[in-house]
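Understanding the architecture of this molecule
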Amino acid sequence: MTSLIWLQRDLRLSDHAPLMHAIKRNCKLVIAYFHDPKHIIGEANNAWLADSLLNLQKTIRQQGSELLMLEGDFSHNFSQVLSHYKTDEVLYHYEVGEPFLSQQHLALQVCHQHKISLQPFDQAWHPAEQVLTQKGQIYSVFTPFYKKLLTLLNQVDYPYDAPDNLQQTKPAQTPRPEWLNLPASLNKLRQTAWAQRMISHWQIGEHQAWLQVKNFCENSLNDYPIQRDYPAEPATSKLSVHLQFGELSVRELLHYLQGLKAQPEYDVHAIDSFIRQLAWREFGRYLLHFNPLLENQSFQSKFNNFPWDDDPDNLRDWQLGQTGVPIIDAGMRELWQTGWMHNRVRMLVASWLTKNANLSWREGQAWFANTLIDADPANNAMGWQWVAGCGVDAAPYYRLFNPVVQSTRFDTQTEYIKHWLPELKPIPAKWVHAPWQHQNELKSIGFDLPKQYRIPKIDLAQSRHNHLDRVQAQKSYTQALQLQN
Ligand SMILES: Cc1cc2nc3c(=O)[nH]c(=O)nc-3n(C[C@H](O)[C@H](O)[C@H](O)COP(=O)(O)OP(=O)(O)OC[C@H]3O[C@@H](n4cnc5c(N)ncnc54)[C@H](O)[C@@H]3O)c2cc1C
């Protein structure tokens, strides 16, 4: 019996249910990744993917087997591998969102043609269908969903150990030599200066993911609830990208965290606070599982006709970190240079784009998808809709962040801003949050504002007012429509 272990966002050997399912039945294993440039998330994500694949290939080779990496049309390559190895079944971890749904659909068609089975495995805390309200309905608000997850926490499947030798599982057929190379487009991308600079901020792969878990738990976990909102602090885990690529199994991570609760040096409240954030990730995947259109449409349909502006200049200023609002520009430059941005700052830049620049959340989502290394269809859509106010968990008040107030509160000493905007280093912290309000003071210390740093084109108070007017008009319009119907 030969099984194809089809990898998507599960680039690890530990707690790998499809792999273990095949090993337990003494199957021969073909382990493969199919890279189709038509089905990708984004460039930054691809840059990580390249190194993650090379890393996994090295580990699998050390265990006496091979990781195949094929580039090109998904269906064609998938079919080629099935034929070459006379495969009997395909086992894989099911993924939500695009490009995964499309590929899973194509895989089903190909398996059908080859008359073999395609078996999905779940890597969520619990299969979504088991997490329902008492009435058997889907949760659409985070807190009750989270409470339900907590009741199921002790039932999360126990993780599988990684296999220690794959030599015996190697099929008799030798792979085509070109299947052993990193896909050419990924190889080219990883050699660009942009990708190299971005990747230099990170340690990639399963082993490194666990080092990061341990480092975070030992040094930052106890302070997580208090420090996690301060972008200058190394207070969050930076595990999102390892989770996105499945270098880290979330179930294994949960078991590890639960285990720490028995150790007196760990604060149980802090561990729970961290688990709560992991539950947000779970919620994003859950929502997208039941509402696959959420990537493209507002959860609250009344926002689908919202009068967003079309202003390429404002969009470009935001993308390049040149809005003139320091906390926004700092976040966007952190993103460009490292492929990551602190969660609080993600909320602020998303709020500025949608509520001050009045540009659609879809524009922001697309830029994040291309530039975040942890770009994830579910979290990205949920995050943008949450901030734009058109998603689930609509606030009883309308969610609007004032970037100057937020910057003063969460980057009081302006360490974060000055790190990413070194041009502001000569300015005392008290003027950094809103330099345009201190033009005379800045002049007196020889800092030429429009020359050395931009003055915002968008007035924060006025734009906020204009946006709220539009929201109100939209609300009246929707109410009128409902009355008519
Ligand atoms: C507009 C917007 C877009 C976002 N896009 C993405 C995305 O594409 N991919 C992504 O992984 N996260 C996204 N997030 C969520 C969040 O910002 C990141 O998960 C977090 O910043 C990652 O850093 P960390 O690993 O240090 O987080 P930690 O604070 O250490 O949290 C631990 C883990 O919990 C999960 N998590 C934490 N906060 C959230 C959250 N608000 N929503 C969902 N999961 C969360 C992540 O998996 C994270 O790794 C987005 C948030 C916003 C506001």
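This structure is a prediction, so every number in the text was calculated from the model and none was measured.

**Examining the site of the ligand**
Contacts to the ligand come from 28 residues, most closely from Y224, T236, S237, K238 and N343. At 3.4 Å, a backbone N or O of R281 approaches a nitrogen atom of the ligand. Starting from 810 Å² of accessible surface for the ligand in isolation, the protein chains cover 95%. Counting atoms within 2 Å of the grid points, the majority share of the ligand lands in the largest pocket.

**Some details on empty space enclosed by the protein**
To find the voids left in a structure, one rolls a probe of water-molecule size over its atoms. Under the criterion given, the structure shown has three cavities of 30 Å³ or more. Size it by volume and the largest cavity reaches roughly 120 Å³. Lining of the largest cavity is provided by 16 residues; of these, R9, Y33, F34, H39 and Q103 occupy positions nearest its centre. Counting residues per element, the ones that place at least two in the lining of the largest cavity are β1 (2-7), β2 (28-35), α2 (43-62) and α4 (100-114). Looking at the lining of the largest cavity, the element that brings in the most residues is β2, giving three residues. Class assignment of the residues belonging to the lining of the largest cavity gives a composition of nine nonpolar, five polar and two charged.

**As for the sheet that holds β2**
Strand order in this open sheet of five strands is β3-β2-β1-β4-β5, and the pairing throughout is parallel. Because the sheet does not close on itself, it has two edges, and the strands there are β3 (67-71) and β5 (117-121). Taking the axes of each pair of neighbouring strands and ignoring which way they run, one obtains an average angle of 25° across the sheet. Of the pairings in the sheet, the one linking β1 to β2 comprises six bridges and is parallel in character. Directly across from W6, in β2, lies its bridge partner A32. Running at roughly 145° to strand β4 (residues 89-93), helix α1 (residues 17-24) makes contact with β1, β2, β4 and β5 of the sheet.

**Structural notes on the layout of surface pockets**
Considering only enclosed or pocket space, the largest pocket measures out at about 1,000 Å³ in volume. Residue lining of the largest pocket: 36 residues in total, with Q277, W280, N343, R346 and N379 positioned closest to the centre. By residue number, the principal contributor to the lining of the largest pocket is helix α17 (residues 377-388), which donates seven residues. The residue inventory of the lining of the largest pocket, partitioned by class, reads 17 nonpolar, ten polar and nine charged. Here the lining of the largest pocket gathers at least three residues from each of two domains, domain 1 (184-291) and domain 2 (301-479). Space inside the second largest pocket adds up to approximately 570 Å³. In this structure, the second largest pocket is lined by 26 residues; those nearest its centre are Q212, P234, T236, K238 and W340. Broken down by secondary-structure element, the contributors of at least two residues to the lining of the second largest pocket are α8 (206-219), α14 (326-338) and α19 (415-420).

Cut-offs and rules
- Residues numbered from 1 in each chain as written.
- Predicted model: local features only at pLDDT ≥ 70, side-chain atom pairs only at ≥ 80, totals over all residues.
- Heavy atoms only, no water.
- Near = heavy atom within 4 Å.
- Polar contact = N/O pair within 3.5 Å; in protein donor to acceptor, adjacent residues only side chain to side chain.
- Areas by Shrake-Rupley, 256 points an atom, 1.4 Å probe, with all protein chains shown as cover.
- 1 Å grid on protein atoms, 1.4 Å probe; cavity = no way out; pocket = protein on both sides within 12 Å on 5 of 7 lines; lining within 4 Å.
- Sits in = over half its atoms within 2 Å of the grid points.
- Points joined across faces, edges and corners; volume = space filled by probe spheres on them.
- Helix = DSSP H or I, 4+ residues; strand = E, 2+ residues; numbered from the N terminus.
- Nonpolar A, V, L, I, M, F, W, Y, C, P; charged D, E, K, R; others polar.
- Pairing = 2+ DSSP bridges.
- Axes fitted to C-alpha atoms, helices over the stretch in contact; angles between N-to-C directions.
- Contact = heavy atoms within 4.5 Å.
- Domains from an automatic or database assignment.

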